[in-house]
Structure formats: structure tokens, C-alpha cells
Amino acid sequence: MESGKKSSKKIVYIVIAILLIVLVIIKLKTNKSITESKVYQYDKEKPINVSFQIVKSQDAKNEINYTGTFEPYRESKLSVEQQGKINSILVDVGSIVTKGQKLVEIDNALLRQQINSIDIQIEGLEADIKRYTVLASADAIQGVQLEKSQLALKSAQAQKSTLNEQLSKTTVYAPFDGIITAKLSEIGSFAAPGVPILQLTDIKTLKFTINVSENDIHQFKKDQECEIKVDAYSNTSIIGKLTMIGSKSNVGNSYPIQFTTQNMADEKIKAGMFGKLMLNIGDAFSGYIVPSSILIGSGSQPQIYIIKSGKAKLIEVAISKRFADKLLLTKGLNEGDTVITNGFTTLFDGANINVK
């Protein structure tokens, strides 16, 4: 009897264990199905959106581009040479001025009073000299009195000359043609020698500076003329003349090369704008020119995608030249081939293509 009960219990335990195993297996399969349903299943047959370019053989200049910055030909911070209160500033930021134009005046009332006093003194001494000359010729006075008056007159005239020189230094004049680019003080402020009041900038003529490596510096010669394109005006280029080749490298181990060029009409090029110097380094060339961004694979085994019969095809190419953001290809392409230029994220060889 007891053995029968034990046998029944054992069977129950086995059944329960089997049921638990079955439940676990069912649960695992359910979880797998849920997980698989949540995972994105990529459809390899779905067309991929791409952009394209139809290639054709074209000519291009064999040149190197160097990015540089335009700087003012001349720039000066202007100050007075005589201290005093600023009475007037006759220009403002943006004012166009010419050489010799009056810009700033400081208080010079005291100097003018001193000059008036000297003028009165000179007038009296000149009258004394006239009288003493007559009296001395008649032996009515000693000649030494005439000499003293003459010396006193010379001394007064020298003092007046000094005061006039100081008076001229109470006014600031433009040292060259240019534009006022900064106003550093105001009327009523105290001006002192060496303390800037205005900044004058000349941009009729500009300096354009690039930095080149030691391997490229041999391509530049004094008085060489090159084309410079202005970034702010994409269709505009000007000619620069090389005026300075740096003799010492900068922090980046490159050498400054400076060109001088005339500004555009209305002085459209401003100091601080960027430009590109176009340096011709050989004869023009022709071939299939494509954006460098389409390159797939390594530099030793370059590949690109083309469209063939509505599908993406990965082909090997040969790069003849790299310039700016372009590539010159001489192998792998044929006239009229359609090159894929964008949409590489999910692209693969043989993918169906949907052209944008």
C-alpha cells in the first residue's frame, strides 16, 4: 500500500516537471517570436534612394588651392601728441577720410593765451628795438641795450615757435586715406600721448596671406602674380602680386606667403574675409572628374558605385589626380556612365535603385 502511494507521488512529480519544462519551452518560443517581431527586417529588394551624376570627359586646370585671409594694407591707431580734454571728434565709425583731414581737436585755450601773451611781448620788443636803433645811432644810449632787446626778441620768437608746435599737436589729422574702423574715446574725455582715440584702416589696397608647407614654398617667387577667388563673392576673382615670402616657419611649421592686391569697386572686400589662391602647377588635363566624397574602399583599391540596369554596381577605378574636393578618374568609367553621389548608408552591390 505504501509503495503504491510512493509510486503515485513519483509519477505526479514527473508530470509536474514535464509540464514546467513544456511551459518554459513555450515561454521561450513566445519571447523569441516577440523579439523577432520587434527587430527591423531589412528588405533587400526595396529600392534605395540615391542621387547621381552622369560623367563626361572634361578639361580642368592643373592647380592647387590655398586658403588665406585678406588684411588691410595699412592700419593705425591715432592719438594726440599733446595732452588735454577732447573738444571735438569730427568723424565716426565708417567715415571715409582723406590724407590730411582734421579728425580730432583737444582743448588748446591755454596755449592760445600763451601765444597771445608772447605776441604782445614781441610787439613791445620790436618797438623797443626801433627806438634803441635810432638812439644808438645818435650815441644817446649804449649799444648793449639794443643788443639785449634784440636777444630778448629772438627768445620770444623761439618761445612762440615752441607754443605753435605744441598747438599743432592738439589736432589729429589723417595720415593716409582710409575708413574709420573704431572710435575709442568720446568728447569730454582726457586725451594723452599714446592713448588711441580713433582707428584708421586702408583697404583700397589689401594684403592676402596664405601659409604653405616647406615642400611647396619653392613654387612661389617674388613678384609672381596669381588668381585669388573671394569666398564671399563666388563669381569674383582678383589678381594678387607676391610681395613677401616668410623666412621663418610659424607654429604649424608652415611659411607665410603674402600677396598685395587692389580691392574691388566700392571696397567690397573687407579685412578678415577669406579667399582662395589658385596656383597653376602645370598643363591643363582632361578626364572624368567626380566628387571625392563618392569614393568607397581604400586608397590602394578605390571603388565607386554606378547605376547599371536599375541596380547599384560597385566598380574599381584608378585615381589619376586629387584636387580640392574632386577626383580625376582614368580607369573604370566610360563616357555617359551614371555615378551615384549620395545615399551610401544602406547601399550595396546589386541593390535596386530609386533615383531622387
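Owing to the predicted nature of the structure, the values given are computational and were not obtained by experimental measurement. (Residues numbered from 1 in each chain as written. Predicted model: local features only at pLDDT ≥ 70, side-chain atom pairs only at ≥ 80, totals over all residues. Heavy atoms only, no water.)

Here we take up the nonpolar core. Counting 20 residues, the largest nonpolar core has Phe70, Ile210, Phe220, Phe259 and Leu277 as the members making the most contacts within it. If you list the elements that add at least two residues to this core, you get strand E3 (63-78), strand E10 (198-212), strand E11 (225-230), strand E12 (237-245), strand E13 (255-262) and strand E14 (274-280). Per element, the largest residue contribution to this core is 5 residues, and it comes from E10. (Core = buried A, V, L, I, M, F, W, Y, C linked by side-chain atoms within 4.5 Å. Buried < 20%, exposed > 50% of the residue type's maximum accessible area, 1.4 Å probe, protein only. Helix = DSSP H or I, 4+ residues; strand = E, 2+ residues; numbered from the N terminus.)

Our next topic: the pattern of salt bridges. Where charged atoms from two side chains of opposite charge approach closely, those side chains can pair. Summed over the entire model, instances satisfying the criterion amount to 8 salt bridges. Among the ionic pairs, Lys169 bridges to Glu165, the shortest N-O distance being 4.0 Å. Given a relative accessible area of 44%, Glu165 falls into the partly exposed group. A salt bridge links Asp231 to Lys276; the nearest nitrogen and oxygen atoms lie 3.5 Å apart. With Asp231 in the loop between E11 and E12 and Lys276 in strand E14, this residue pair connects regions lying 45 residues apart in the sequence. Overall, the relative accessible area of 40% leaves Asp231 in the partly exposed class. With relative accessibility at 32%, the residue Lys276 sits in the partly exposed group. Overlapping salt bridges bring together Glu81, Glu165 and Lys169 as one network. (Salt bridge = Lys/Arg side-chain N within 4 Å of Asp/Glu carboxyl O.)

With a phi angle near 70°, Asp223 is a residue other than glycine that sits in the positive phi range. A residue is classified by how much of its surface remains accessible, and Asp223, at 48% relative accessible area, is partly exposed. With a phi angle near 55°, Ser309 is a residue other than glycine that sits in the positive phi range. Inspection of the secondary structure puts Ser309 in the loop between strand E17 (302-308) and strand E18 (311-316).

Moving on to the sheet that holds strand E9 (residues 190-191). Spatially, 4 strands are ordered E7-E6-E4-E9 in an open sheet, and the strand pairing comes out antiparallel. Each edge of the sheet is formed by a strand with only one pairing partner; in this case those strands are strand E7 (171-173) and E9. In this structure, strand E4 (residues 84-89) lies alongside E9, joined through 2 bridges in antiparallel fashion. Opposite Lys85, over in E9, you have Phe190 as the bridge partner. (Pairing = 2+ DSSP bridges.)

With respect to the helices and strands, the residue Thr261 is situated in strand E13. In this structure Thr261 comes out as buried when scored by relative accessible area, which is 2%. There is a polar contact of 2.9 Å between the side chain of Thr261 and the backbone oxygen of Ile239. (Polar contact = N/O pair within 3.5 Å; in protein donor to acceptor, adjacent residues only side chain to side chain.)

As paired elements, strand E1 (residues 48-54) and strand E22 (residues 353-355) share 3 bridges and run parallel to each other. By the bridge assignment for E22, Val50 is matched with Val355. Pairing of E1 with strand E21 (residues 338-342) involves 4 bridges; the strand directions are antiparallel. The residue bridging Phe52 from the neighbouring strand is Ile340, located in E21.

From the geometry alone we can't say anything about function, so treat these as descriptive.
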